[in-house]
Structures are given as C-alpha cells and as structure tokens.
Amino acid sequence: MKKLFAVLGDPIGHSMSPIMHNDLFSYYEIDAAYHPFQVKNEDLKTAIQGLKTIGISGFNVTVPHKSSIIPLLDDVDNLAKQIGAVNTVVNEDGKLVGYNTDGLGFLRGLTAYIPSIVDRKVLIIGAGGAARAIYFTLAYNKPRVIDLANRTVGKAEELIKACPVMVESRALSLEDASNHLKDYDVIIQTTTIGMSPNSSEQPIVIANLNHQALVCDIIYNPLETKLLKEAKQKGASTQNGLDMFIYQGALAFEKWTGISPDVQRMKENVLKQLGGTQNVNR
Ligand code: ATR
C-alpha cells in the first residue's frame, strides 16, 4: 500500500518540503506520497489523532506547531525534548515519535565549510526557536565558546540557563556583539531580519568582522542576505540557509526510509524551485 507522509503548518502553501520529498520518493522508487496540510492551532490535536488512525508513516511539523505538538505525541527524543521543539515525526510500530533535525541539519551543512566546530568561537545572533535548536546541538560538539546576541538580552540569558550542556557562553546585546565581532570564528544569524520582503535589513553592523570568519545566515530567501553580501565583500566565507533546510529534510528522510539521500540532488531541485518563487518557507 502507498505510504503517506505530510507536513503540517499554518501557513503551509509555499512549503518546499513536498517537492523535495516527493522527488526523493520517486528517485528511490519508494511507493509513497508527501502532502502539505494547513492545520490551525485549535485543530492540531484532532489532526494528529486522524493521521495516527489512518496509519501515516511520518510527517514534518512547522510553524506554529513545533512546540505545541510535543504533548500530543507518544514519545519524544531527548534532544527534541531539550530543544522544546519537534520538526519530524516517525510512526514507529504505531507510536508517533518526535525528533528535531533542525540543529543537526545545520551542523551537517556546516561541515561542508569547516571540518568541525571543536575549539571554535561561535556567535549566534537571535534567541528564538531556531537559535535554541542550533545552540543546544552545537553545545554538544565542544566549541570553545558560544555567545548569544539578541535584541532582548534577557531571552539570550534564559537560553544560556536552559542549555543542557556545559559550554562557555555570554548573553550580549547586538551592539556589544558588533563591537567584539573580530573575536569569533563562526557567526550564525538566526533571526528573520533580512528575509524577503525586508531584504534591505541587517541585524548587526559587521565593520569589526574577522576576515577569516565563516558567516552563516539561516535565511534562504533571498539566497544571499544583505549580511552575507557584506561579509563576502569583507573577504569572509559565507553560507546561506539552504543547507540547513536541505539537511534537516535529508535527516527526516533517513529516519523515515533508512536511506541517506543524495543531498546534491535535493539542493538542485530546491534551487530550481526557488528560481521561480519569491515567498517560501518550510
Ligand atoms: P524562530 O522560531 O524563527 O527563531 P522566533 O522564536 O520568533 O522565531 O525568534 C525570532 C528572533 O528574531 C528573536 O531572537 C527576535 O529577537 P527578540 O527576542 O528580541 O524578539 C529576533 N528578531 C525578530 N525581529 C527583530 C528585529 N526587528 N530586530 C531585532 N531582532 C529581531
């Protein structure tokens, strides 16, 4: 019987995940279909019960359901529990089990640019859900420092307190971080600033950027944010948000099928779609 996979979110119309996963199912000759479902907050519980009843094989969850889905699942993996968000659900013998592949997806993408973050000095800009997934995941990988800079410094402080792993971290204002930017080897921008249609915005002044730094922006619409453009002009290496998106999807696909998919193919497929659309999300 054909297997069913899905992504739940609200809005969901511009999600790239169905295109990405349906292409993989056909490429690996798996009899399965992946469908987007727009689910309102108040309908999430009923939707999950329905998907479980019909025997869905797995699904992704996106904004605004990544945290609220946790109590509705049968089990949640430890890292996802710590992050407090689930983006991938696997039907394991009738039990819906939640995982978070966002942080690990980011880390996998990063390894194409730097072999490891061991002993690196990292700055994360932002202290929202995406920052939390990346911070907690990186913290397990022995960087020397991970500082967090945020408009609301108190939120960065809270995130540092909540981190399950011992790592040297300071909460900074955006201005403080900007003044000390040369101290960092890796800078990771996780806020929505610079995302289309506000692509002329930038979260931080980068006059003090270390020219040998790697600057990552998790935004992939536009593919090159103002921040990345300026960082490149200063001679730094840059990485856009496409890798994180591709690898979180690749890790989900791997959990569902046991197949480690061809990420180059996934990237080309998504890039082709991005050429024809302006507003995309997961
Ligand atoms: P996500 O789940 O995508 O990370 P989020 O949890 O809403 O989204 O977090 C958004 C992040 O972008 C936060 O760090 C937020 O800063 P605050 O904690 O101060 O709200 C940051 N952000 C959003 N708009 C911003 C703006 N105009 N200026 C500075 N920071 C902004």
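Computed from a prediction, not measured in an experiment: that's the story for all the values here.

Which parts of the structure should I look at to understand helix H4 (residues 102–110)?
An α-helical turn contains 3.6 residues, so a residue and the one three or four places further along point in the same direction. Counting buried positions along H4 yields seven of nine residues, so the element is predominantly enclosed. Looking at the buried residues of H4, the elements they touch are helix H5 (129–139), strand S10 (186–189), strand S11 (214–217), strand S12 (237–239) and helix H9 (242–257).

Any chance you could explain empty space enclosed by the protein here in plain terms?
The rolling of a water-molecule-sized probe over the atoms marks out the regions of remaining empty space. The final tally for this structure, using the stated rule, is two cavities of 30 Å³ or more. The wall of the second largest cavity is formed by Phe106, Cys216, Asp217, Ile218, Gln239, Asn240, Gly241, Asp243 and Met244. Looking at the lining of the second largest cavity, the elements with two or more residues in it are S11 and H9. Class assignment of the residues belonging to the lining of the second largest cavity gives a composition of four nonpolar, three polar and two charged.

I would appreciate a short explanation of the site of the ligand in the present structure.
In the neighbourhood of the ligand, the contacting residues comprise Gly126, Ala127, Gly128, Gly129, Ala130, Asn150, Arg151, Thr152, Lys155, Thr191, Thr192 and Ile193. A distance of 2.8 Å is found between an oxygen atom of the ligand and a side-chain nitrogen or oxygen belonging to arginine 151. Look at the ligand: alone it shows 640 Å² of surface, and the protein chains cover 65% of it. When grouped by side-chain class, the residues that make up the shell around the ligand number three nonpolar, seven polar and two charged.

What should I look at first to understand the sheet that holds strand S3 (residues 58–61) in this one?
Strand-to-strand pairing in sheets goes through backbone hydrogen bonds, with the strands running parallel or antiparallel. The strand order across the open sheet formed by six strands is S2-S1-S3-S5-S6-S4, and the pairing between neighbours is mixed. Among the strands making up the open sheet, the edge pair consists of strand S2 (32–38) and strand S4 (75–76). Relative to S3, strand S1 (residues 3–9) runs parallel, the two sharing four bridges. Bridge pairing in S3 places alanine 6 opposite phenylalanine 59. Sheet strands in contact with helix H2 (residues 44–53) are S1, S3 and strand S6 (95–99), and its direction is about 170° off that of S1. Each of S1, S2, S3, strand S5 (88–92) and S6 is contacted by H9, which is oriented at about 5° to S5, the strand it contacts most.

Can you walk me through the sheet that holds S12 in this structure?
Taken together, six strands build an open sheet; the order of strands is S9-S8-S7-S10-S11-S12 and the sheet is parallel. The open sheet has two free edges, formed respectively by strand S9 (171–172) and S12, since each of these has just one partner strand. Bridging between strand S7 (residues 121–125) and strand S8 (residues 145–149) involves five bridges; their strand directions are parallel. Of the residues in S8, the one forming a bridge with isoleucine 125 is alanine 149. Together, S10, S11 and S12 form the strand contacts of helix H8 (residues 226–233), whose direction differs from that of S11 by roughly 165°.

Here is what the cut-offs are and how they apply
Residues numbered from 1 in each chain as written. Predicted model: local features only at pLDDT ≥ 70, side-chain atom pairs only at ≥ 80, totals over all residues. Heavy atoms only, no water. Buried < 20%, exposed > 50% of the residue type's maximum accessible area, 1.4 Å probe, protein only. Helix = DSSP H or I, 4+ residues; strand = E, 2+ residues; numbered from the N terminus. Contact = heavy atoms within 4.5 Å. 1 Å grid on protein atoms, 1.4 Å probe; cavity = no way out; pocket = protein on both sides within 12 Å on 5 of 7 lines; lining within 4 Å. Points joined across faces, edges and corners; volume = space filled by probe spheres on them. Nonpolar A, V, L, I, M, F, W, Y, C, P; charged D, E, K, R; others polar. Near = heavy atom within 4 Å. Polar contact = N/O pair within 3.5 Å; in protein donor to acceptor, adjacent residues only side chain to side chain. Areas by Shrake-Rupley, 256 points an atom, 1.4 Å probe, with all protein chains shown as cover. Pairing = 2+ DSSP bridges. Axes fitted to C-alpha atoms, helices over the stretch in contact; angles between N-to-C directions.

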